[in-house]
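Results of the structural survey
What follows is each chain in one-letter form.
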Amino acid sequence: MPKSTKNILYNQLIIGSLLVFFAIYNLVLYKNGSFVKKQVLSETAIMGQQIWQDNNCTACHQFYGLGGYLGPDLTNVISDTTKGEIYIRNIINAGVKAMPKYHFSEQEINQLIAYFKAIDQTGYFPNRKVKESNYGWVDVVLKDSIR
Ligand code: HEC
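Throughout what follows, the structure given in this document is the object of discussion. (Residues numbered from 1 in each chain as written. Predicted model: local features only at pLDDT ≥ 70, side-chain atom pairs only at ≥ 80, totals over all residues.)

Further remarks concern the overall build of the protein. When you go through the protein residue by residue, the secondary structure sums to four helices and four strands. Here the protein holds 147 residues, and the buried ones make up 11% of them. Counted over contacts in the protein with a minimum sequence separation of 6, partners at least 24 positions apart contribute 49%. (Helix = DSSP H or I, 4+ residues; strand = E, 2+ residues; numbered from the N terminus. Buried ≥ 20, exposed ≤ 12 C-beta atoms within 10 Å, placed from the backbone. Contact = placed C-beta atoms within 7 Å.)

See below:
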């Protein structure tokens, strides 16, 4: 066999095994999907989200710092021990300061509360509980994993 043919075969072998290695690497890394932490909203929470959107609450409120700034951030409002669920339930229809007076039914308020609880489970804002690995991955610690 001429030397150049040998070189080509050798190169093909190297490239081939690199491709196989790459495929196996990707299979191992992505097959179980463990790198994505899924949060699924319950049906009640989805109704709450709809109310949130229909009434444009985000014009004044933020989740994770994103939204309007007339009202406070509500990411963890439901687990804020200085406030509590009863306070949240009452303020929604109260009409205080710049917060409009809404007329939600008991059921709609339940749905909003379920939505707040679901958002609260996704993490902290501001988040001081992030773990960084040496490889540059950032592991966000979900609330229910430390409770
Ligand atoms: C026009 C602006 C505005 C809109 C729209 C608005 N809010 Fe508010 N909201 C405020 C303000 C201002 C406060 C703070 C009131 C206070 O502390 O007295 C507040 C307070 C709150 C609080 C209590 C937060 C805390 O930390 O004390 C909750 C819960 C809340 N709003 C929910 C909602 C929901 C749900 C909607 C939509 C249905 C909504 N808000 C729409 C302005 C708004």
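Right, let's get into the site of the ligand. As a matter of local geometry, the ligand sits amid 21 residues, with Asn 55, Cys 57, Cys 60, Gly 71 and Met 99 nearest to it. Among the elements that line the shell around the ligand, the one with the most residues is helix α3 (residues 85-92), at three residues. Here the shell around the ligand is built from residues that sort into 16 nonpolar, three polar and two charged. (Near = placed C-beta within 6 Å. Nonpolar A, V, L, I, M, F, W, Y, C, P; charged D, E, K, R; others polar.)

Of the consecutive residues Phe 125 and Pro 126, the connecting peptide bond is found in the cis state with omega at -5 degrees. Mapped onto the secondary structure, Pro 126 falls in the loop between α4 (106-121) and β3 (130-132). Even without being a glycine, Asn 56 presents a positive backbone phi close to 50 degrees. Exposure remark for Asn 56: the 11 C-beta atoms within 10 Å place this residue in the exposed category. Of note, Tyr 64 is a non-glycine position whose phi angle comes to about 50 degrees, a positive value. Following the sequence through the fold, Tyr 64 ends up in the loop between β1 (62-63) and β2 (66-67).

The analysis is restricted to geometry; functional conclusions fall outside its scope.
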